[in-house]
Amino acid sequence: MHVLVVEDEASLATELMHFLKQERYRCDWAPNGQDASEKIAVNLYDFILLDLGLPDYNGLDLLQEAKQLDHEPAIIILTARGSLEDRVQGLDLGADDYLPKPFSLLELQARMQAVLRRKFKVKSSVLAFHGFELDSADRRLSYQGQEITLTKKEYDLLHYLLLHKNRILTRLQLTEHIWGNILEDDYDSNYIDVHIKNLRKKLSAHSTIEWLETVRGVGYRLTV
């Protein structure tokens, strides 16, 4: 998952990103509202962790900007402004959750997982599809009880396709999810094609996989 941390306190931002990277999230940091606004306009984030008390921006205005994006990132407000009025206003504007400072990093992680389950209508960490089971808690894939070894990027790619099941995802969307920010001059859709080829080879050793579709000229879709 690709996360934008919007936080003007450098020490807290560093602590957050260190923890999230250990949990296999990829992170960008925006220390102010202007930087955050520019980043969300050009990057496809899965999560935005948003501090309301920014030096140059009303965090609620930034929240409204983010909710207008087509890909609708999940947003958790992290702020010392813990009044009921701020909380209600943030949730009314579309925030997915609200965590007052100070907070536990483990609680943040649990809330992020809960938001994902609600967003993608997933009831548990185990996602079953076509005889396969993907356990997002342990990052393991199995077929009828037999574990299948995936690389980190293969797992991330399959998990992302599964969360967005029945939707066409472009090569650019998939590449940004796995590699993060991409300069257009460096963009090469072959990155994704190679990983899809390797993933198909591993999955097809256990079952037919017509459900992992190539949408010619666009990208890929996993149908369930």
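For the structure, see preceding data.
Residues numbered from 1 in each chain as written. Predicted model: local features only at pLDDT ≥ 70, side-chain atom pairs only at ≥ 80, totals over all residues. Heavy atoms only, no water.

Undergrad: Can you lay out the sheet that holds strand β1 (residues 2-6) for me, pointing to particular residues and giving the numbers?
TA: Taken in spatial order, the 5 strands of this open sheet run β2-β1-β3-β4-β5, and their pairing is parallel. Of all the strands in the sheet, just β2 (26-30) and β5 (97-100) have a single pairing partner and so form its edges. Strand after strand, the sheet turns through a mean of 20° between neighbouring axes, direction not considered. In this sheet, β5 lies alongside strand β4 (residues 74-79) in parallel orientation, the contact comprising 4 bridges. Within the sheet, the bridge partner assigned to Thr79 lies in β5 and is Pro100. Relative to the sheet, helix α1 (residues 10-22) contacts β1, β2, β3 (47-50) and β4, its axis offset from that of β2 by approximately 170°. Set on the sheet, helix α7 (residues 171-179) makes contact with β1 and β2; between it and β2 the angle comes to about 85°. (Pairing = 2+ DSSP bridges. Helix = DSSP H or I, 4+ residues; strand = E, 2+ residues; numbered from the N terminus. Axes fitted to C-alpha atoms, helices over the stretch in contact; angles between N-to-C directions. Contact = heavy atoms within 4.5 Å.)

Undergrad: I'd like a rundown of the pairing of β2, residues and numbers included.
TA: Within β2, 4 of the 5 residues are buried, leaving the element largely enclosed by the surrounding structure. When β1 meets β2, the two strands line up parallel, connected through 5 bridges. Pairing of Val3 across the sheet is with Cys27, part of β2. The parallel pair β1 and β2 is bridged by α1, and the resulting crossover is right-handed. (Buried < 20%, exposed > 50% of the residue type's maximum accessible area, 1.4 Å probe, protein only. Right-handed = clockwise from strand over helix to strand, strands pointing away.)

Undergrad: Tell me what's going on with the packing of α7 against helix α8 (residues 190-204), and back it up with residues and numbers.
TA: In contact at an axis separation of 9 Å, α7 and α8 are set at 80° when each is read in the N-to-C sense. What the angle tells us is that α7 and α8 run roughly perpendicular. Only Tyr191, Ile192, Asp193 and His195 of α8 make contact with α7, whose side of the interface consists of Arg171, Leu174, Thr175, Ile178 and Trp179. Among the residues forming the contact of α7 with α8, the class breakdown is 5 nonpolar, 2 polar and 2 charged. (Parallel < 35°, antiparallel > 145°, perpendicular 65-115°, else oblique. Nonpolar A, V, L, I, M, F, W, Y, C, P; charged D, E, K, R; others polar.)

Undergrad: Report on the side chain of Asp28, specifying residues and quantitative values.
TA: Relative to the assigned elements, Asp28 resides in strand β2. Salt bridges are absent for the buried Asp28, whose nearest opposite-charge side chain, Arg26, sits at 6.2 Å. Looking at Asp28, its side chain comes within polar contact range of the side chain of Tyr45, at 2.7 Å. (Lys, Arg positive; Asp, Glu negative; His and termini not counted. Salt bridge = Lys/Arg side-chain N within 4 Å of Asp/Glu carboxyl O. Polar contact = N/O pair within 3.5 Å; in protein donor to acceptor, adjacent residues only side chain to side chain.)

Undergrad: So, the sheet that holds strand β10 (residues 169-170): which residues are in play, and what are the values?
TA: Taken in spatial order, the 3 strands line up as β10-β12-β11 in an open sheet, and their pairing is antiparallel. Bordering the open sheet on either side are β10 and β11 (212-215), each of which pairs with just one other strand. Of the pairings in the sheet, the one linking β10 to strand β12 (residues 219-222) comprises 2 bridges and is antiparallel in character. Bridging across to β12, Leu169 finds its partner in Tyr220. Packed onto the sheet, helix α6 (residues 152-163) meets β10, β11 and β12 and runs at close to 65° relative to β12.

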